[in-house]
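# Geometric and topological summary
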Amino acid sequence: AMDLVQEIKSKDPINVKCLMFLGEIQQAQNKLDEATETYKMISYIKDNYAPALCERGTIYLKQSKLERAESFFKRCIKNDPKNVKAYFGLAKIAKLQNVKMSIIR
C-alpha cells in the first residue's frame, strides 16, 4: 500500500485522497506524529477538510490530548455536521472526563 501511495504522491503531491490514505497507513503503523503532519499538510491544500480534522482529533485522543482532540472534532463537525466519527470522538472524550471526575470525588 505504501508503494502505491508513494507512486501517486510522486505524480500528484497534492492529491488529498492519497494523503488521507497515507495518514491512515501511518496511524496503523502507530506513527502518530507522522500522521499528524500528513493531516496538517492536507489542511494547507484544502483548508478545513473535515476528514483530516477528524483524523487529527482521533490521533490527539489516542495521545490523551483531550482538549486538542475536542477542538479538532468540533472543527470537523462545524465543516461537516453529519460526521459521525467526530461525534463519537466527542462522546469518548466526555466519557473519559466523567471517569476522571468520578475518581477525584
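Residues numbered from 1 in each chain as written. Predicted model: local features only at pLDDT ≥ 70, side-chain atom pairs only at ≥ 80, totals over all residues. Heavy atoms only, no water.

## Section: the overall build of the protein chain
- Each helix and strand in the protein chain was counted, giving 6 helices and 0 strands.
- Listing every helix and strand of the protein chain by position from the N terminus yields α-α-α-α-α-α.
- Principal axes of the C-alpha set define a box for the protein chain whose edges measure 55 × 30 × 20 Å.
- Classification of the 105 residues of the protein chain by burial places 35% in the buried group.
- Expressed as a percentage of contacts within the protein chain between residues at least 6 apart in sequence, the contacts between residues at least 24 apart total 39%.
- Of the roughly 6800 Å² of accessible surface on the protein chain, 56% is carried by carbon and sulfur atoms. (Helix = DSSP H or I, 4+ residues; strand = E, 2+ residues; numbered from the N terminus. Buried < 20%, exposed > 50% of the residue type's maximum accessible area, 1.4 Å probe, protein only. Contact = heavy atoms within 4.5 Å. Areas by Shrake-Rupley, 256 points an atom, 1.4 Å probe, with all protein chains shown as cover.)

## Looking at the confidence of the model for the protein chain
- Mean pLDDT over the protein chain stands at 91; residues scoring 70 or higher make up 93%.
- Within the protein chain, the element-level pLDDT minimum falls on helix H1 (residues 2-11), averaging 81, and the maximum on helix H4 (residues 50-62), averaging 98. (pLDDT = per-residue confidence, 0-100.)

## Comments concerning the pattern of salt bridges
- Summed over the entire model, instances satisfying the criterion amount to 4 salt bridges.
- A salt bridge links Glu7 to Lys11; the nearest nitrogen and oxygen atoms lie 3.5 Å apart. You can see Glu7 and its partner Lys11 sitting in helix H1, 4 residues apart, about one turn around the helix.
- Taking relative accessible area as the criterion, Glu7 reaches 44% and is therefore assigned partly exposed.
- In this structure, Glu55 engages Lys85 in a salt bridge whose closest nitrogen and oxygen atoms are separated by 2.6 Å. (Salt bridge = Lys/Arg side-chain N within 4 Å of Asp/Glu carboxyl O.)

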